[in-house]
Amino acid sequence: MSPEELPQASVVAAVLAGDPTSISTTIDAIRRQVYGPARILVVGGDRAGRRVAEGEHVEWTPTIGSVIDASGLDVSHLWIVRAGVVPRPDALLSLVREAERVGAGVAGSKVLDRQRPQHLLSVGLATDVFDVPFTGLDADERDQGQYDVVRDVAAVSGSSMLLRRDLATGLGGPDRSMAPTAAAVDLCQRARLRGARVVIVPSSEVLAPDVPTAGWREEASRLRAVSKVYGPATLAWVLPLALLGAIVESVLAPLAGRWTLWGHVKAWSWYLAHLPSTAAARRQARRGRLADDAELFRFQVTGPLGLKAIVSDVVALARRRMPGEERLSVEAIGRELRRPAVVTALLAVAFVLLATRAIWSEGLPAVGRSLPFPDPGGALRAYAGGWNPAGLGSVDPLPPLIGAIGVVERLVFGSRRLVEYVFVFVAYGFGLLGMARLLRTWSIRTVAAVLGGVVYVAGPLAQGVAATTSLGALFAIGILPWVLRTAWLRWPNATAGRVGRVATVAMLVGLVGVLEPLALAAPAVMVLAALVFLPFRATLRALALVVVGSVGGVLMLFPWLGRVDLGHYLTDGSFFWSTSPVVLVAAGVLVLAAVVGLPSSLAGVSGWGAVLAAASLAGARAVDLDVGLVVVAVALAVGSLGLGALIGAAVEGLLRVDEVVGWRRGVLALGLVGVTMLVAASMAPLLAGRAGLPGDRLHAALDFTVARPGDPTASRVLLVGDPAVIPGDSRPFRGSAYRVVSAPMPALWELDLGDPHSGDAALEDALSAIVDQDVLRGGEVLAQFGIRWIVVLAERGDTAQTEPWKTVLGRQLDLVPLGGGLRDATFANEAEAFRAVGSDGAPWSWKAGRYEGASIAGGRVVVAENPDPRWGPSPWKQVDWRNEVAADTGTVSFGVLPERRVQAWVAFGWFVFLAAVAFWGRRSA
Amino acid sequence: MRRMVALVVVAVLAVVASTAVRPGEPSGPDFGTDTTLDAGDAVGRTSAWYCPWVDAGAVRDSVIGLASEVPVEALVSLPSPFPNEAPDTLPLTLRALDAVDLDIGSVVRRGESPAIVEFDDGPAAAGAVVWSDAVVTGDRCVTSVPKQWHLTGGSTATGLFVELRLFNPFAELAKVDITALSEFGSEPLPEYEGFDVAGRSWATIDLTTTLPLRDVLSVLVSTSQGLVIPSLVLAGDTDEASWPGSGPATTWEFPVTAAGELVPYLTISNADDSPVSVVIDVYGPDGSIEEATTVEVQASTPIRIPLAEIAAPPFGVRLRSGGPVAATVEALPPVVDEESVPPEDEEGGEVRPPIEGVAGTVGVRSPAERWLVPATGSLEDSVATIWVLNTGSTSATVAVEPLGPTGLEPDKVVVEAGTVVAVDVESGDDIEGYRVVGSAPVSVAVSIVDARGVAFLSAVPVR
């Protein structure tokens, strides 16, 4: 190039001393430019940077700002090059020429991988609205000149950036507090805000190290960047959406094997801590702006890029984890879709979605021990040392499932319906997938494994679990096979891997226990049984793992474990499981055929499964042993896993046409009848779409409360009648049963009634007085308990239960029977009945574990809960069996039990620790 | 080997499972009902008394009498005939051994005014008396509420009229089935099958037009839904009598059967499916006639026995039957011989006016040692008589204690075994009721007689 072709600009090159060791390389490259800069400066890097600058005989300044300040009017451009970047000799020339030609304020170079110079790293950036950068490049995309055109972009890479000096003076250079990529985006956006063009100049090539741009500082810097440039209207939705996206990412990222929660926490913490300086920077950035947000949006892509990336990773991972011999690829989709494995997997997904569809639209049915989840906000507090609202309340511990619900609620923004669906979907989806993965441990292929999974989550025994309405056991189905799968996996060679494996098993077993504490023992029992049937050494190691894991997982059950009456827990409730004789015969035939006809390896699996299924069958009918409902539910869950293994092994045997021949094949063909019957029986949950749970019972009984005048949440409902129909626990009463529940609908945390307290004793006395007709206005008596309605619950046509109640209640002068086509005999209390009432007579409502009402200065509120001095605000006083507290604040709540709160935190911390160790071990291995 | 182990274990477990038997369904609550108590027994607890026939308007007046052995708070409620209108209520306080009368006309005057009396403790009891210029009627109220009631003693013969009042004091709609029993047997009343009585309201059914010219008319009232308190009103040309429903029993005692010239009758109704043999014992002031007569009561065919043909009044009656029956006594005007001359008194000249009217009451199932007698002081210038019947084998010393003012001494009378004694009682000095305490179990009833008419009231046993 002849000197007359050279631009007339004067450029100062500023080398950002990120890595002092590579400054010299960059300076050497700058010195080789055909269009040399007027000056070269090293910026930052403290003492090391200064030392290198001295060694290279160039100037050193601490900040870009000082470079700008030191640049005289003769300087037209500032060339910012990151240390380690090697510009090609004509890089600066191209930048200056093209920038001047198109009148750009900011021009960036094409960035190539320094290790692999033919691979592109950046040809300008687009961003989403959150400033997440988007290169538009495929991974390892080669440079074939396909992007070689000067064009406007949202931002250019900070590796090599030419900045007009006057613009730089106005902008103040890159934000030093920001991470590199975000700082470059920020600088470009601020430039655009002032009307400057930002262009990429592909003819200017630099070689740069491929440094990952993720990390919490980048995210924090992006938050700062958007806060600086967007107008208030845009910020009003961008920042909340950014937070929302971070939360969703935190939930989804673990599915892709990443943990982003703490990164998001750190980023937002940093952002919030730097808000004052951000505000100042914002004032400066928007002062004298010539463009608005719309100009920025022009160069942005739609949709949240971060979330898209996570979802993409999850999908990719799911593809890889699908039990198939080959991973899917886009090109092969057409072919793969026709493969039995893929078809089966898609059918399985459809099955899960169909079998749980009603939960999504209607929520969990309110029947038996299945009740809607508590209102958002209260569950976690109640579990961690708060008030147990069952009956007339107590400090009895709530089951760990309530704590888990509370945690998940926090993660899904308090959507109760979503939490319910998450739990059910986990049970069905993860259960099915986990069973399929477990069966792969024994080389059972996709079709067989998925069929085993279907029978596991929806077969006759799983339907038995659902019939018990024990939600904890039902949810535990989703994790049980993963425990076994992890325990039976090949033992890692590396110590970190082994530690991680133990932590994984402990975490999974602990999770099972959190969902249903008794199920914590189930993996050990199942593996113990497997010692007889499966390869001894691997099974013995798996047994040791689950035993250690069970011990480790126990800690997650606190504070429930420290207070619960285990005797009651194991014996409360009853359930006698029965099924169609046809199904039993089919299962029997299948057991015989599989155990006898399968080859040795599969016969072990089928034998193990058959023993588990048979044992659960016996356990679920052991009425003489006084086992409680939870024992039956867990036994059925264990048996269901056994049945799934049996099905999987049998179908695998049928598929092995080369290995299973002769008389064995004939015997197995007999088993096909059993397989068909059991798989067909597993389709039953598809009909109602409630994951096998029974139909709703309580809504028909209690929905009327919403239609009555007044706030139903301010009152309770007394349920009397058949204990099998009354939800959760009930108290026996002269051949019948009763309990009180919250109106309009009790929540899951009201299931378990503990030992009776003074209020409960008073209620029983009141009920006795009504039944004995010692009182004529039973409504007045019941009003002190906040009982506004009485519903007589029994199976349809069970007059033996209903008539005596209707008679005694009908004789009370202030109990009005309600008509209107209600399914159950229902009486309304004519007396005013509020569970909390202020001294002004106004009712207070029960909301998410506390009472709210109109504050009364100096007034009092009487709370119809069992007496406890921790009710507040103080001063607290016991009135009869009730509590009286101050009404000044408009809120009445129970002061948490500190030791239980600590225990809950420890349990949660232990879970997080186990998860972290598991992740670390897996990564390290 | 593993295959064998699996098959054996599965087989054993399957056998264990198959031998398990599903536990039985719970039989339902057992709230128990004290069958020894009648609808008119006072017990030592909270109670409600229902008085269906109370009436206060332009023509009639009513008094509800309350009597209690212990200090009680009482609440008298008079439901409004208008739907959704709150009842009129009046709280009252009774001391121990106290009785008060409540003039309903001072509370409301709207004609028929069935009442509810609630006591927060007991034993306590309530009765009601209704009167007008030509009517005196009343009886004790009822406290228990069975699903089926027997109301015997009605008649629609010439000169007699019968009404059935159905009072539903509860909130629930009552669906009532009414069956009539007469000398013609069971008579269906299709128009009164599933008859609705709205909650906290009442209905009055005129049986005279529905079933005219029945010499003996009894009614069975049952409810398929809800509950009602019925009472039967038997009216003559002038006076009328009203009594509550009762349940069936195998023994009934009637201390009072007649007053003045009124002719006593005993009506027995057998709602069972088979005939029942009934023995009637008669107890006069001087002795008894055991098994004075025996009658067979056909199923669904009530009979009326003219007691005057057995003995000369006054006397008490005991009924013993082989099966449960319902029974009442009625005192009806004699058939007047138009040619007869009115009697002159011994002094000559002054003619004592004959006692006119209609009276009737239910009996008591079994004797008791303590009785409460409310509403004896409701009518001024009337003669109230407490009748004490001792059907036992030993004599009983009976103290008749005035309730209300303190310091009044009880009258003590000896009632010999197998006799009946009439004790005229005062109604002045704020004495509104009595308690009768016997050294042995006796049965007690009251008659109130004045120029306007006659009323029999059953007393209330304290169990």
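It should be noted that the structure appears before, not after, this text.
Reading the values: the criteria
- Residues numbered from 1 in each chain as written.
- Chains lettered and ligands numbered in written order.
- Predicted model: local features only at pLDDT ≥ 70, side-chain atom pairs only at ≥ 80, totals over all residues.
- Heavy atoms only, no water.
- Phe/Tyr/Trp six-rings, centres within 6.5 Å; stacked < 30°, edge-to-face > 60°.
- Buried < 20%, exposed > 50% of the residue type's maximum accessible area, 1.4 Å probe, protein only.
- Helix = DSSP H or I, 4+ residues; strand = E, 2+ residues; numbered from the N terminus.
- Disulfide = S-S within 2.5 Å.
- Contact = heavy atoms within 4.5 Å.
- Buried area = accessible area lost by both parts, 1.4 Å probe.
- Salt bridge = Lys/Arg side-chain N within 4 Å of Asp/Glu carboxyl O.
- Polar contact = N/O pair within 3.5 Å; in protein donor to acceptor, adjacent residues only side chain to side chain.
- Nonpolar A, V, L, I, M, F, W, Y, C, P; charged D, E, K, R; others polar.
- Pairing = 2+ DSSP bridges.
- Axes fitted to C-alpha atoms, helices over the stretch in contact; angles between N-to-C directions.
- Parallel < 35°, antiparallel > 145°, perpendicular 65-115°, else oblique.
- Left-handed = near helix turned anticlockwise from the far one by under 90°.

(A) Here's a closer look at the packing of aromatic side chains. Residue and element names in this part refer to chain A. Taken as a whole and assessed by the stated rule, the structure comprises 28 aromatic pairs over all chains. Where W560 meets Y569, the ring centres are 5.1 Å apart and the plane angle is 75 degrees; that geometry is what we call edge-to-face. The class for W560 is buried, based on a relative accessible area of 4%. Residue classification places Y569 among the buried positions, given a relative accessible area of 17%. Look at F785 and W881: their rings are 4.9 Å apart centre to centre, the planes differ by 15 degrees, and that puts the pair in the stacked class. Of this pair, F785 sits in the loop between α36 (778–783) and β16 (787–793) while W881 sits in the loop between β24 (877–879) and β25 (882–886), and the two are 96 residues apart along the sequence. As far as burial versus exposure is concerned, F785 and W881 are alike and both buried. Three or more aromatic residues joined by ring pairs make a cluster, and in this case those are W387, W846, Y851, W871 and F894.

(B) Fine view of the state of the cysteines. Residue and element names in this part refer to chain B. Inspection of the entire model under this criterion finds one disulfide over all chains. A sulfur-sulfur distance of 1.9 Å marks the disulfide that ties C51 to C141. Torsion about the S-S bond of the C51 and C141 cystine: about 105 degrees, corresponding to right-handed handedness. Of this pair, C51 sits in strand β1 (residues 47–51) while C141 sits in the loop between β10 (135–140) and β11 (148–154), placing them 90 residues apart in sequence. Comparing C51 with C141, the two get one shared label, buried.

(C) Examining the interface of chain B and chain A more closely. Residue-level contacts link 38 residues of chain B with 50 residues of chain A. Overall, the association of chain B and chain A removes approximately 3500 Å² of surface from exposure, summing both partners, and the carbon and sulfur fraction of that is 63%. The three residues of chain B that bury the most area against chain A are B:R2, B:R3 and B:F31, which together make up 22% of that side's buried surface. Here chain B is connected to chain A by two salt bridges. A salt bridge links B:R200 to A:E830; its shortest N-O distance comes to 2.5 Å. On inspection of chain B and its partner chain A, the count reaches seven residue pairs in polar contact (both at pLDDT 80 or more). Of all the elements in the fold, those that place two or more residues in the side of chain B that touches chain A are α1 (2–19), β1, β4 (72–78) and β8 (115–119) of chain B. Here the side of chain B that touches chain A takes ten residues from α1(B), the largest share from any one element. Here the residues of the side of chain B that touches chain A are counted per class, giving 25 nonpolar, five polar and eight charged.

(D) A look at the pairing of strand β12 (residues 198–208) of chain A. Residues and elements named next belong to chain A. Here β12 lies mainly inside the structure; ten of its eleven residues are buried. Bridging between strand β5 (residues 86–87) and β12 involves two bridges; their strand directions are antiparallel. Residue pairing across strands places P87 opposite V206, the latter belonging to β12. Bridge count for strand β6 (residues 106–113) against β12 is eight bridges, and the pairing is parallel. Bridge pairing in β12 links A107 to V199. Sheet analysis places strand β10 (residues 151–152) next to β12, joined by two bridges and oriented antiparallel. Residue pairing for β12: R151 is matched across the bridge by I200.

(E) Local environment of the environment of B:R95. All names here are of chain B. Looking at where R95 falls in the secondary structure, it is placed in the loop between β5 (88–94) and β6 (98–103). Overall, the relative accessible area of 46% leaves R95 in the partly exposed class. Separated by 27 residues in the primary sequence, R95 and S68 place their C-alpha atoms 7.6 Å from one another.

(F) Structural view of the pattern of salt bridges. Residues and elements named next belong to chain A. The tally for this structure, following the rule as stated, stands at 49 salt bridges over all chains. Between D113 and R116 there is a salt bridge, with its nearest N and O atoms 3.5 Å apart. According to the relative accessible area criterion, R116 is partly exposed, its value standing at 31%. Salt bridges here are not isolated pairs; linked through shared partners, they connect R88, K110, D143, D148 and E205.

(G) Fine view of the pairing of strand β17 (residues 815–818) of chain A. All names here are of chain A. Every second residue of β17 is oriented toward a common face, with L815 and P817 on one face and V816 and L818 on the other, all of them buried. The pairing of β17 with strand β18 (residues 825–829) spans four bridges and is antiparallel. Counterpart to P817 in the pairing with β18 is F827. Between β17 and β18, which pair antiparallel and follow one another directly, the connecting turn spans six residues, one of which, G820, has a positive phi of 75 degrees.

(H) The arrangement of the packing of helix α24 (residues 522–533) of chain A against helix α29 (residues 600–619) of chain A in detail. Residues and elements named next belong to chain A. Viewed as axis vectors pointing N to C, α24 and α29 meet at an angle of 135 degrees, and their least axial separation amounts to 9 Å. It follows from the interaxial angle that α24 and α29 lie oblique. Remark: the crossing between α24 and α29 carries right-handed chirality. Here α24 contributes M526, A529, A530 and F533 to the contact with α29, which in turn contributes G604, G607, W608, V611 and L612.

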